[in-house]
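# Chain and residue survey
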Amino acid sequence: MTDTISPAVPKLVGVIGGGRMGAGIAQVFAVAGSVVCLAERDPAAAVASRDRVAMGLLRAAEKGKLAESADAVLERLVLVDAVSALPADVDLVVEAVPEDAALKVRVLAAAEEAVAEQAVLASNTSSLSIAGIAGGLQRPERFLGLHFFNPVPASSLVEVVIGPATGDDTAGAARSWIAGLGKTEVVVRDSPGFATSRLGVLLGLEAIRMLEEGVADAASIDRAMELGYRHPMGPLRSTDLVGLDVRLAIAEHLHRELGERFTPPALLRDKVARGELGRKTGQGFFTWEAS
């Protein structure tokens, strides 16, 4: 199995969290040839994550995007029920748990205890401070942010976030691995919202305010950005894809860090309170079919 692995990607990757993002990250590394150990303590969530990866691989195979069978790739995915069960010889561990700084510190600190000193640890956070998370780790020089985008298999971008303690060799290895995945990296300094969330959330919040004020309907606002500015997806549909709850949490964090321009609109808060979270619930600013 290992002789099929490209030297440009880690031989063994750990992923913590089996949600949509974690499953997507696991999928792209497995496709590139890595053996992926996915840690998910909830048995039902673990099964759902494996099924999500399997479905993603079948779709990729149908489109002719796999160099081998979907089953062969899926054999490189291993499920474990605890972070402590991650293999000691992993090259990279990526956490993809919810946007809660304390939770991320806990799982990364547990991973640090489980793996060898040379392993690189990464957070998939879209906005939280890399320096803040690194403060809870013993080896901050081996830690950085790897912000993947949803859906991970289809997205070509990964934001590489360099913390003040991140070592040059850690950053270099991460950039090499991203290239090995066939994706493009942008390297940014640790700052609230980094580059992508800071710009994307600001645009999304203004689009929500426009909808709230009756400037135009959701489809028209999105179409204006898609056709007028050549955005591949409008800000409201993008918010549905990310998740309204996720976007609200990021906006609240940026509001605390950067001020009033990131104040969440009442419409966003109301929709989250009603459980209208976007594609994952079937209703957000648009109605979505079950996937």
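What comes next concerns the included structure. (Residues numbered from 1 in each chain as written. Predicted model: local features only at pLDDT ≥ 70, side-chain atom pairs only at ≥ 80, totals over all residues. Heavy atoms only, no water.)

Core analysis: the largest hydrophobic core is formed by 37 residues, its most contacted members being I25, F29, V36, L92, L146, F148 and L181. Of all the elements, helix α1 (residues 20-32) adds the most residues to this core, at eight residues. In this structure F148 touches M21, I25, F29, N124, V158, I178 and L181, once residues within four positions along its chain are discounted. Grouped together as the second largest cluster of nonpolar side chains are 27 residues, L12, V35, V80 and V115 included. (Core = buried A, V, L, I, M, F, W, Y, C linked by side-chain atoms within 4.5 Å. Buried < 20%, exposed > 50% of the residue type's maximum accessible area, 1.4 Å probe, protein only. Helix = DSSP H or I, 4+ residues; strand = E, 2+ residues; numbered from the N terminus. Contact = heavy atoms within 4.5 Å.)

What follows covers the packing of aromatic side chains. Per the counting criterion, the structure on display carries one aromatic pair. Here the aromatic rings of F29 and F148 are separated by 6.4 Å at their centres, their planes lie at 65°, and the arrangement is edge-to-face. Of the two residues, F29 sits in helix α1 while F148 sits in strand β6 (residues 143-148), which places them 119 residues apart along the sequence. The exposure class of F29 is buried, given its relative accessible area of 1%. Judged by relative accessible area, F148 falls into the buried class, the value being 2%. Residue placement shows R237 over the ring face of F286; its charged tip is 4.1 Å from the ring centre. (Phe/Tyr/Trp six-rings, centres within 6.5 Å; stacked < 30°, edge-to-face > 60°. Lys NZ or Arg CZ within 6 Å of the ring centre and 35° of its normal.)

To continue, consider helix α6 (residues 168-180). For α6, with 13 residues, the first-to-last C-alpha span of 18 Å sits near the 18 Å given by 1.5 Å per residue. On its buried face, α6 is in contact with β4 (92-95), β5 (120-123), β6, β7 (157-162) and β8 (184-189). Looking one or two places after α6, you find G182, whose phi comes out positive at around 80°. (Expected span 1.5 Å × (residues − 1).)

With that settled, consider the pattern of salt bridges. This structure, assessed with the given rule, holds ten salt bridges. With a shortest N-O distance of 2.5 Å, E68 and R76 are connected by a salt bridge. Of the residues examined, E68 reaches a relative accessible area of 29% and is grouped as partly exposed. Among the charged side chains, a salt-bridge network with shared partners connects E95, E99 and K104. (Salt bridge = Lys/Arg side-chain N within 4 Å of Asp/Glu carboxyl O.)

This part is about the packing of helix α7 (residues 196-212) against helix α8 (residues 218-228). Direction vectors running N to C along α7 and α8 enclose 140°, while the axes themselves pass 10 Å from each other. With respect to α8, the element α7 is oriented oblique. In terms of crossing hand, the pair formed by α7 and α8 is right-handed. Of the residues in α8, those touching α7 at L203, A207, M210 and L211 are A218, I221 and M225. Looking at the contact of α7 with α8 residue by residue, the class counts come to seven nonpolar, no polar and no charged. (Axes fitted to C-alpha atoms, helices over the stretch in contact; angles between N-to-C directions. Parallel < 35°, antiparallel > 145°, perpendicular 65-115°, else oblique. Left-handed = near helix turned anticlockwise from the far one by under 90°. Nonpolar A, V, L, I, M, F, W, Y, C, P; charged D, E, K, R; others polar.)

The next point concerns the environment of V90. Secondary-structure assignment places V90 in the loop between β3 (77-80) and β4. Between the alpha carbons of V90 and V36 there is a distance of 9.1 Å; along the sequence they are 54 residues apart. Those residues in contact with V90 that sit more than four places away from it in its chain are L12, V13, G14, V115 and A119.

Here the second largest pocket defines a volume of roughly 840 Å³. Taken together, 25 residues make up the lining of the second largest pocket; nearest its centre are Q27, G56, R59, P151 and P153. For the lining of the second largest pocket, the leading source of residues is α1, giving seven residues. (1 Å grid on protein atoms, 1.4 Å probe; cavity = no way out; pocket = protein on both sides within 12 Å on 5 of 7 lines; lining within 4 Å. Points joined across faces, edges and corners; volume = space filled by probe spheres on them.)

Turning our eyes to something else, we now look at the environment of R175. Locating R175 in the fold gives a position in helix α6. According to the relative accessible area criterion, R175 is partly exposed, its value standing at 41%. Placed 16 residues apart in sequence, R175 and E159 show a C-alpha to C-alpha distance of 9.8 Å. In contact with R175, other than residues within four places in its own chain, are E185 and V187.

Within a beta sheet, neighbouring strands are joined by backbone hydrogen bonds and run either parallel or antiparallel to one another. The strand order β3-β2-β1-β4-β5-β6-β7-β8 describes an open sheet built from eight strands, whose pairing is mixed. Looking along the sheet, the strands with just one partner apiece sit at the ends: β3 and β8. On average, adjacent strands in this sheet sit at an angle of 25° to one another, irrespective of strand direction. Examined bridge by bridge, β4 and β5 share four bridges and lie parallel to one another. Bridge pairing in β5 links V94 to A122. (Pairing = 2+ DSSP bridges.)

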